[in-house]
Amino acid sequence: MPVVDVERLRAEDALTDDAPRPGPVRFAVPIEVTYDLENSGTWETLGDGSRLWRLRVASPGALSLNLGFRRFDLPFSAALWIYAAAGERIQGPYTWRNRAHDGQFWTPVLLGEEIVLELHVPEGVGDARIELSAINHGYRFFGEKQQKQGSCNIDVACDEVTPFSDQVRAVARYTISGSTLCTGQLVNNTAGDFRPLFLTAQHCGVNAINDSSVVVFWNYESPTCGQLSGGSLLDNQSGATFLADHFPSDMALVELDEVPDPASNVFYAGWDAGGAVPQSVVCIHHPGGDEKAAAFEGDPLLSSDIGSGGETHWEVTAWDLGTTEGGSSGSCIFDQTSGACVGWLTGGFASCTATDQPDFYGKLSLAWTGGGTDATRLSNWLDPEGGGTTLSLAGADPATGDDDDDDGDDDDDDDGDDDDDDDGGGGPFDCVANGRTMCLSSGRFEVTMDWRDFSGATGPGIVAPAGEDYWGVFWFFTQMNGEVLVKVLDGCDFNQHYWVFAAAATNVEYSMTVTDTTTGNSKTYDNDLGSASPAVVDTRAFATCP
């Protein structure tokens, strides 16, 4: 790899890090490469007939490395591992499921200047096709030995933060294009479906071009209060789909490609779009590239225009405890009484050496209606059930299904029971809608798809935005080209069955699985590669009425 001029990079950073409305904080620089399975690395045939490809990547002087793949097409059973050259900090396995909607894949950060890639391809499966296009040389934050964040920061392991432990679980560090970083958080929505909606600041730079490069790090925290270091980067996930942004309020919203692993113990934060002045707040954030911290303000916020016209932001005039730093951008400010997010950090002047300086947070109440379209507002994403009429919602815990409204039940219907009165109840698992999973017929039926094209590339079907309770559309290669329409209909009044209908406009291989979450029963519908896809008219699919 070419030599990276770290001193020049740090001089450039000094000019931008302290700006009142900065861009995302840079921690690495990309080195463009074109490495694939033919021109780089070595192949080895193992005793069982499977093949192993290995590539060693080094960038002298790097504190950390991460990788961007322009193409990531793996057969169903192939897997990629990445690890530091010493054999520690192994990440993976990564499979075809990690391929983003645009065919790319971006890895998490690994500490050190040398890493190894290993791709295992079982005997008899299709060809793998991957192209490594970016090696990102980390030169600050991740991997630095000296104290990084300011000493006045408050670790989330400290007692002061305990009352906001749910909000702490919602917040994460994330990277964009392997070179910049910000803070964001999961937010709840009125459908109660734990759709992985991730809220951050527009100026962090996430958009429809680079959304697949988002890598989120959960639970990057100091293990003990006051340590301000010692966090682990191993709990992470890659890929997102851009949904909306709004410049005046500095809002950006994406949907993560995968629902966070239950082991990550995440929380979906509540929010308040009512616009009332918060009387006291707490900000949970990642200062710089560092472990999660908290800042507290006990006085009412001010309404501010930050020079952009109109009162678009909340102003914290001076933090009582803790501070924010570069990299904290995008972090929610939570009302201390309700625990609800009311805005996200755009910028400011606060630091451990300037504790009397202000910070500014874009107003959630302004972004609620935003620019008046789905792509410029929050209302339709956070309130799909109420059409934007619901102005506040408690947070929710996916581990228990509980909301955070302290009413003793697990819902928002205030009827004293533990459901939403619409699901028939009692299933072995819940359907969780996301970019790769469709939930139909009041969420009772889960539908997923996998495909393989003529080049051997594979991937999941992606759920198109269009659809209703009983039908939806999957796309494979581009969102503008729907491939398969699927319906699940309640035919119980006619023949005591639920019906599955599907119509496809493709000749690639696919496998569609429909699962009844009440019984656990599944049915699979396949199409062979090169065949004209047949219509599915299965009026006896599930004999599980009601």
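All of the points below concern the structure found in this document. It should be emphasised that the depicted structure is a prediction, and the values quoted were computed from it without experimental measurement.

1. Re the packing of aromatic side chains
- Here the structure, examined in full by the defined rule, presents 20 aromatic pairs.
- Centre to centre, the rings of Phe-142 and Phe-217 are 6.2 Å apart; their planes meet at 40 degrees, and the pair counts as tilted. Taken together, the residues span a long stretch of sequence, with Phe-142 in the loop between strand S11 (129-138) and strand S12 (154-155) and Phe-217 in strand S16 (residues 215-217) at a distance of 75 residues. Neither residue differs from the other here; Phe-142 and Phe-217 are each classed as buried.
- Every member of this aromatic cluster is reached through a ring pair, and the members are Phe-27, Phe-142, Phe-217 and Tyr-220.
- Here Lys-363 stacks its cationic end above the ring of Trp-314, 4.4 Å away from the centre of that ring.

2. Looking at empty space enclosed by the protein
- A complete count under the given rule lists one cavity of 30 Å³ or more for this structure.
- The class makeup of the residues in the lining of the largest cavity is three nonpolar, five polar and five charged.

3. Some points on the sheet that holds strand S6 (residues 79-84)
- Reading across the sheet, the five strands line up as S3-S4-S10-S6-S7 and stay open at both edges, with antiparallel pairing between neighbours. Edge positions in the open sheet fall to strand S3 (42-45) and strand S7 (91-94), since each of these has one partner strand only. Averaged over all pairs of adjacent strands, the angle between strand axes in this sheet comes to 20 degrees, irrespective of strand direction.
- In this structure, S6 lies alongside S7, joined through two bridges in antiparallel fashion. Within S7, the position partnered with Leu-80 by the bridge is Tyr-94.

Rules of the game
- Residues numbered from 1 in each chain as written.
- Predicted model: local features only at pLDDT ≥ 70, side-chain atom pairs only at ≥ 80, totals over all residues.
- Heavy atoms only, no water.
- Phe/Tyr/Trp six-rings, centres within 6.5 Å; stacked < 30°, edge-to-face > 60°.
- Helix = DSSP H or I, 4+ residues; strand = E, 2+ residues; numbered from the N terminus.
- Buried < 20%, exposed > 50% of the residue type's maximum accessible area, 1.4 Å probe, protein only.
- Lys NZ or Arg CZ within 6 Å of the ring centre and 35° of its normal.
- 1 Å grid on protein atoms, 1.4 Å probe; cavity = no way out; pocket = protein on both sides within 12 Å on 5 of 7 lines; lining within 4 Å.
- Points joined across faces, edges and corners; volume = space filled by probe spheres on them.
- Nonpolar A, V, L, I, M, F, W, Y, C, P; charged D, E, K, R; others polar.
- Pairing = 2+ DSSP bridges.
- Axes fitted to C-alpha atoms, helices over the stretch in contact; angles between N-to-C directions.

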